[in-house]
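Summary of structural features
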Amino acid sequence: MFPQDPLPDAPSAASPLLVHLNPEQLAAVTLPAGHALILAGAGSGKTRVLTTRIAWLLQNGHARPGSILAVTFTNKAAKEMVARLSAMLPVHVRGMWIGTFHGLCNRLLRAHHQAAGLPQTFQILDTQDQLAAVKRLCKQHNVDDERFAPKDLAHFIANCKEQGLRPNDVQGQDSNTRKKIEIYQLYEEQCQREGVVDFGELMLRSYELLRDNDHLRAHYQRRFAHILVDEFQDTNQLQYAWLKQLAGNVVDGRYQAHGSVLAVGDDDQSIYAFRGARVGNMADFVREFGVQQQIKLEQNYRSYSHILDSANALISHNSSRLGKNLRTTQGPGEPVRVYEASSDLAEAQWMVDEIKQLLRSDGFEHREIAVLYRSNAQSRVIESALFNAGVPYRVYGGLRFFERAEIKHALAYLRLLENPQDDTSFARVVNFPPRGIGARSIEVLQDAARAAGCSLYDGVSAVPGKAGINLGAFVALVDGLRAQTRGLNLRSIIEQMLESTRLVAHFCTEKEGADRIENLQELINAAESFVTQEGFGRDAVALPLDEHGGAAPPKPPMPGIVDADTGETLSPLAAFLTHAALEAGDNQAQAGQNAVQLMTVHASKGLEFDGVFIGGMEEGLFPHENAASERDTLEEERRLMYVAITRARRRLYLSHSQTRMLHGQTRYNIRSRFFDELPEAALKWLTPKRQSFAALASHSGAGSAYSSSARQSFGFKSAGAESGVFAHLPVPPRKGAPAHGLAAGIAVFHTKFGEGKVLALEGSGTDERAQVHFARHGSKWLLLSVAKLTVVD
DNA sequence: TAATGTTTTCTTTTT
DNA sequence: GAAAACATTA
């Protein structure tokens, strides 16, 4: 049994752990047993409080490592927590359950796979795989993909699961919904048959496991006397329900929690409602758990007050808030600089100039400067401006390692070794590299497998003729590989696979193949470091703590991985595949370099920089046009802006542009309404401030500001540029008649080719062209009506 | 079946 | 403007 230690009422500040904490942080760290909500503002030392709390619990004997469960959203956050804890504690952190929601669910399901109705080596489908599985299903059942787009269906299924709904639980009002439910049902059956689970299933299945097994639930409830949740504002309905299962039971219609739940979050930084996050969970938690302790961390250790004042003022325009104000003891610092550019190119060029200035005169480091934007499409111009200026930069986002096509192909082969029933993996590589198995053959195979009620793999023998021979060769290849690699270590398995499948050989013949081959080599390294990694796949292992006197953790027995709770083992290959699915990996491009950081505002959450640029502060972009018309979504945009602002320590730059290329068309945008919500005293306008959004809106004669007619006009395309309320905005130069001021000998700048010198001019009107010599790219004839040339002085 | 041309779509995203 | 999905030809 796991007796609960009584906690003292008064905190003792004597411990060296607690020396540098402010009073609120100290109170949070030393809270007595019971549920608590910590409202932790941006830059208020949230992670510090969480980790110190755990360390304090252990150090003072209030908890054993085995009774602690800490859950985060990202692998990065989980890793950081483990790293900080290891630094704080003399004992290793083995016995604790620290991980992402999905990582912990995976661990539960592996440990209790029988009770959960899963094969022990179940594979995990990522979003891509899930979509592929839905597509395959739709094809097989002749679903009209006009009426039911696979994407929508995948979305529908994920949504249902997030709400904890199985097909039987969903209400089908109309025939459309009923059809979707039917497909959901079929999808479930397909996954079960193939032994695969998607991300939603990982959550839902382990929720049901706890819900339906009283003794299991009781075991974990007793065990985890201390549950800590990071970024609580981002939890969705199912994750909250999952936490409730772990923490307690409904007794006589009232929820009674067993251990102590400490939830840390910030409603003002809730920016994931669009993917199901429910800020309302915070209020529900307080109510349902009868939370007695609520602590606000409002002391900010990051930014100067001009920046914080801006953030506070902006967020005060949101109506649904728990209420919190950041404060700092640092001085006002530099004002927030605002710049209006004529075009997205000019905006990017201005950013580069300012960045150079920061690097040169103000002693900023490259990596301490970030350029943030609302959507990924905005990065391109900024990238090219930085590139041409020779400033090193790193773009976050985009394809990550385990999502790359060549890696997914390799993983699919590995998955087939583990589980031949995995039709998604089968379909992915059956004809890759090409081996004469086309769409027709696969159709025949699918019908055969369906008729026999078996997997594609097992259905191959039923396919006659040439197609059957080709398919048979593929199956023989995989079977042969399985036999060859039996008993080998992970590295050799992968090397052998790359060899036998001729994946590397295939990419040798492709023109872009070199990078892919490099990535495949990298896969071997990834596997190698996974194996040698201390602890060997944190997510899958739970070794007993302290049996070795707190020394380095014992090496897991090879070849299997043992879960201490159940004694179940998992092969290194299966563990690696799980690792690949749950941790998509960094986009390692240019990693480690000291470079300017480019990323979306979403990606910047949790990070901080000395200097921050937020570009594209325009109506239609930020707030995004799809979000501006409804209160809830507009408020999420505002929180997004709040997150962006609070990333900055010392310098903050906001910019917007009159024109911008979007979807291949020039759009004429006006300044974001968010500028009108910032305190004038904290701003410095580098370009003259012009009429505001609100003034423009009321100019249209529509009465109240944001009327629907005014709203629809924002973010319009070029056709409407000279009509209505925008007639007084500067009209952009018409095509073909640029006041270019070009002549032979003049230095110019081109976004793609960089700086060059004009050699000659020729033609007129739309045909006018210039011959320009570029250092890097030689001489080129450029149509002035098309090419983006600017004069350099 | 495989390679090549044509049309379509286009926030934010971790697991 | 560009990737990805789709249709068409050798």
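This text follows the structure it describes.
Residues numbered from 1 in each chain as written. Chains lettered and ligands numbered in written order. Predicted model: local features only at pLDDT ≥ 70, side-chain atom pairs only at ≥ 80, totals over all residues. Heavy atoms only, no water.

1. Considerations on the overall build of chain A
Basically, it comes down to this: Helix and strand labels come from DSSP, where a helix needs a run of H or I of at least four residues and a strand needs a run of E of at least two; each type is numbered from the N terminus. Exposure is judged per residue with a 1.4 Å probe applied to protein chains only, and the accessible area is read against the type maximum: over 50% gives exposed, under 20% gives buried, and values in between give partly exposed. Throughout, a residue-residue contact means that at least one pair of heavy atoms, one from each residue, lies within 4.5 Å. For the accessible areas, the method is Shrake-Rupley and the probe is 1.4 Å, while residue cover comes only from the protein chains on display.
Scanning chain A for helices and strands turns up 28 helices and 25 strands. Expressed as a percentage of its 793 residues, the buried residues of chain A come to 53%. The contacts of chain A with a sequence gap of at least 6 include a subset with a gap of at least 24, amounting to 74%. Approximately 34,400 Å² of chain A is accessible, and the part contributed by carbon and sulfur atoms is 50%.

2. Thoughts on the protein's contact with DNA strand B
Basically, it comes down to this: A molecule or strand has a residue near it when one of that residue's heavy atoms lies within 4 Å. Counting of polar contacts relies on pairs of N or O atoms within 3.5 Å, with two restrictions inside protein: one atom must be capable of donating a hydrogen and the other of accepting it, and residues adjacent in sequence are counted only when both atoms are side-chain atoms. All residues other than Ala, Val, Leu, Ile, Met, Phe, Trp, Tyr, Cys, Pro, Asp, Glu, Lys and Arg, Gly among them, are scored as polar; the first ten of these are nonpolar and the last four charged.
Taken together, 29 residues surround DNA strand B, and among them T127, R374, N376, G438 and T600 come closest. Among atoms of DNA strand B positioned within 4 Å of the protein, sugar and phosphate together represent 56%. In this structure, a phosphate oxygen belonging to DNA strand B sits 2.7 Å away from a main-chain N or O atom of N376. S441 is positioned such that a nitrogen or oxygen atom in its side chain is 2.9 Å from a phosphate oxygen of DNA strand B. A breakdown of the residues in the surface near DNA strand B according to their chemical character gives eight nonpolar, 16 polar and five charged.

3. Here's the deal with the pattern of salt bridges
The line we're drawing: Salt bridges are defined by distance alone: a side-chain nitrogen of Lys or Arg within 4 Å of a carboxyl oxygen of Asp or Glu.
Counted under the stated rule, the structure contains 56 salt bridges. Between E188 and K161 there is a salt bridge whose closest N-O contact spans 3.6 Å. With a gap of 27 residues between them, E188 in helix α8 (residues 175-194) and K161 in helix α7 (residues 150-162) connect regions that are remote in the sequence. A salt bridge links D362 to R651, with the nearest nitrogen and oxygen atoms 3.3 Å apart. Here D362, found in the loop between α14 (344-360) and β12 (369-373), pairs with R651, found in strand β18 (residues 648-662); they are 289 residues apart in sequence, far enough to count as distant. The class for R651 is buried, based on a relative accessible area of 11%. Among the ionic contacts, a cluster of salt bridges with common partners joins K161, R166, E188, D198, E201, R205 and E208.

4. Concerning the nonpolar core
Test applied: Remark: nonpolar core denotes a set of buried residues (Ala, Val, Leu, Ile, Met, Phe, Trp, Tyr, Cys) joined through side-chain atoms within 4.5 Å.
By size, the foremost hydrophobic cluster in this structure holds 49 residues, and its most contacted members are I494 and F576. Ranked by the residues each element gives to this core, the list is headed by helix α16 (residues 405-418), at eight residues. Among residues more than four places away in sequence, those in contact with F576 are F402, L411, L490, I494, L523, A526, A527 and F530.

5. Points about the sheet that holds strand β6 (residues 226-229)
Basically, it comes down to this: For two strands to be treated as a pair, DSSP must find at least two bridges joining them. Axis definition: a line fitted to C-alpha atoms, over the contacting stretch in the case of helices. Angles run 0 to 180 degrees between N-to-C directions.
Pairing is parallel across the open sheet formed by six strands, whose spatial order is β3-β2-β6-β9-β1-β10. Of all the strands in the sheet, just β3 (97-100) and β10 (293-297) have a single pairing partner and so form its edges. Sheet twist, expressed as the average angle between the axes of neighbouring strands with direction ignored, equals 15 degrees. Where strand β2 (residues 68-72) lies against β3, four bridges are found, and the strand directions are parallel.

6. Quick look at α8
Note the threshold: Multiplying 1.5 Å by the helix residue count minus one yields the expected span of that helix.
In this model α8 runs 29 Å from its N-terminal to its C-terminal C-alpha over 20 residues, within 8% of the 28 Å that 1.5 Å per residue would give. Residues of α8 that are buried include every one of T177, I181, I183, Y184, Y187, E188, Q190, C191 and E194, and no others. Close packing links the buried residues of α8 with β4 (123-125), α6 (127-140), α7, β5 (196-198), α9 (199-212) and α17 (423-429). Immediately downstream of α8, the backbone of G195 shows phi near 70 degrees, a positive value.

7. Remarks on the environment of A451
With respect to the helices, strands and loops of the structure, A451 is situated in helix α18 (residues 439-452). In this structure A451 comes out as exposed when scored by relative accessible area, which is 71%. The spatial distance from the C-alpha of A451 to the C-alpha of A462 is 9.9 Å, given a sequence separation of eleven residues.

8. Here we look at the packing of aromatic side chains
Any pair of aromatic rings gets described here by the distance separating the centres and the angle formed by the planes. Here is the rule we go by: Stacked, edge-to-face and tilted labels apply to pairs of Phe, Tyr and Trp rings (six-membered ring for Trp) whose centres lie within 6.5 Å, assigned for plane angles under 30 degrees, over 60, and everything in between, in that order. Any Lys NZ or Arg CZ that is within 6 Å of a ring centre and within 35 degrees of that ring's normal is treated as a charge sitting over the ring.
Tallied over the full model, the rule gives 25 aromatic pairs. A ring pair is formed by Y272 and F274, whose centres lie 5.9 Å apart and whose planes are at 40 degrees; its orientation type is tilted. Given a relative accessible area of 57%, F274 falls into the exposed group. Pairwise contacts between aromatic rings join F232, Y240, Y255, F285 and F289 into one cluster. Stacked on the ring of F122, the Lys or Arg R110 has its end atom at 3.8 Å from the ring centre. It is R275 that lies over the ring of Y272; its NZ or CZ is 3.7 Å from the centre.

9. Regarding helix α24 (residues 572-582)
Judged by how many residues are buried, α24 sits mostly within the fold: eleven of eleven residues are covered. Considered for burial, the residues of α24 that qualify are P572, L573, A574, A575, F576, L577, T578, H579, A580, A581 and L582.

10. Concerning the pairing of strand β1 (residues 36-40)
Across the five residues of β1, five count as buried, placing the element largely inside the fold. Here β1 shows a buried face lined by A36, I38 and A40 and a second buried face lined by L37 and L39. Where β1 lies against β10, five bridges are found, and the strand directions are parallel. Counterpart to L39 in the pairing with β10 is K296. The pairing of β1 with strand β9 (residues 260-265) spans four bridges and is parallel.

11. Here's the deal with the pairing of strand β11 (residues 336-343)
When you tally the buried positions in β11, you get seven out of eight residues, the bulk of the element. Strand direction decides the pairing type here: β11 and strand β20 (residues 683-685), joined by three bridges, are parallel. Its bridge partner lying in β20, V336 is registered against L683. Bridge analysis of β11 against β18 gives six bridges, and the strand direction is parallel. Pairing of V338 across the sheet is with L654, part of β18.

12. Some details on the side chain of H306
Looking at the secondary structure, you find H306 in helix α13 (residues 305-315). Residue H306 is classed as buried on the basis of its relative accessible area of 17%.

13. A few points about the packing of α16 against α24
The condition that has to hold: Angle categories: roughly parallel below 35 degrees, roughly antiparallel above 145, roughly perpendicular from 65 to 115, and oblique for all the rest. Each crossing gets its hand from how the near helix is turned against the far one by less than a right angle, where anticlockwise is left-handed and clockwise is right-handed.
In contact at an axis separation of 10 Å, α16 and α24 are set at 140 degrees when each is read in the N-to-C sense. Judged on the interaxial angle alone, α24 and α16 are oblique. In the packing of α16 onto α24, the handedness of the crossing is left-handed. Every residue of α24 that contacts α16 at L411, L414, R415, L417 and E418 is listed here: L573, A574, F576, L577 and A580.

Fair warning: the whole summary comes from geometry, so function is off the table for now.
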